[in-house]
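Topology and contacts: notes
This is what each chain is made of:
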Amino acid sequence: MITLNNREKINKSRMRVGRGIGSGKGKTCGRGVKGQKARSGVAIKSFEGGQMPLYRRLPKRGFNPISKQRIAILNLEKIQSYIDQKSINTNEILNSDLLKKLKLINKNSVKLKILGTGEIKNKINIEANLASKSALEKIEKIGGSIKLKN
């Protein structure tokens with residue numbers, strides 16, 4: 001029967017290596033002889049003997065979501081600069097199809113978002129999926145319109 005005074009010791013003190021041959025872990029301290037693993041400060045983490053390691057065999061996930069929505073972002077100052085360069089006609093409705101055709105946004109983008117950085121002087125009609133509050137205010141202030149579609 002095990003009682004408190006004759007049970008096995010739970011908190012064993014750690015082995016002190018390199019303290020003479022009588023300790024059982026003297027000289028090479030259980031590291032064998034020479035070589036990379038015998039040296040201090042060397043870790044061969046995830047090395048698989050030249051085989052392609054597991055972390056490189058598996059596909060990368062993490063902070064690149066698989067079903068990410070590609071949203072094209074367009075600021076008002078950028079729209080104004082396109083109008084000044086005569087890339088965009090103010091009479092036409094500005095939408096993602098027109099911008100893709102003129103190569104002003106990426107062809108792979110699914111949605112269009114209008115942001116309110118900068119000023120816009122010309123009255124323009126925009127059709128977008130998303131828009132910031134400041135962009136809506138600025139466009140409506142000059143007499144333009146922005147239609148949000150989903």
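Let us look at the structure shown here. Predicted, not measured: the structure shown is a model, and the values here were computed from it. (Residues numbered from 1 in each chain as written. Predicted model: local features only at pLDDT ≥ 70, side-chain atom pairs only at ≥ 80, totals over all residues. Heavy atoms only, no water.)

Among the nonpolar cores identified, the biggest contains 22 residues, and Ile79, Ile114 and Ile126 are the most heavily contacted of them. Of all the elements in the fold, those that place two or more residues in this core are strand 1 (71–75), helix 2 (76–84), helix 3 (96–101), strand 3 (111–115), strand 4 (125–128) and helix 4 (133–141). Broken down by element, the residue count for this core peaks at 4 residues, all from helix 2. Not counting chain neighbours up to four residues away, the residues in contact with Ile79 comprise Leu74, Ile88, Leu94, Ile114, Ile120, Ile124 and Ile126. (Core = buried A, V, L, I, M, F, W, Y, C linked by side-chain atoms within 4.5 Å. Buried < 20%, exposed > 50% of the residue type's maximum accessible area, 1.4 Å probe, protein only. Helix = DSSP H or I, 4+ residues; strand = E, 2+ residues; numbered from the N terminus. Contact = heavy atoms within 4.5 Å.)

Spatially, 3 strands are ordered 1-3-5 in an open sheet, and the strand pairing comes out parallel. Of all strands in the sheet, those with a lone pairing partner are strand 1 and strand 5 (130–131), marking the two edges. Judged from the 5 bridges that link them, strand 1 and strand 3 form a sheet pairing that is parallel. Considered in strand 3, the bridge of Ile71 is made with Lys111. (Pairing = 2+ DSSP bridges.)

Bringing the pattern of salt bridges into the picture now. Using the criterion set out here, one finds 3 salt bridges in the structure. Ionic pairing is found between Glu127 and Lys149, a salt bridge with its closest N-O pair at 3.6 Å. One end of the pair, Glu127, is in strand 4; the other, Lys149, is in the segment after strand 6 (145–148), and 22 residues separate them in sequence. (Salt bridge = Lys/Arg side-chain N within 4 Å of Asp/Glu carboxyl O.)

This part takes up the pairing of strand 3. Residues of strand 3 alternate between two faces, with Leu112 and Ile114 buried on one and Lys111, Lys113 and Leu115 left unburied on the opposite face. Pairing geometry for strand 3 and strand 5, over 2 bridges, is parallel. Bridge pairing in strand 5 links Lys113 to Leu130.

This next bit is on unusual backbone geometry. In this structure, Ser46 is a non-glycine residue whose phi angle is positive, near 55°. Relative to the elements of secondary structure, Ser46 occurs in the segment before helix 1 (54–57). With a relative accessible area of 38%, Ser46 lands in the partly exposed category. The phi dihedral of Lys86 is positive, around 65°, even though this residue is not glycine.

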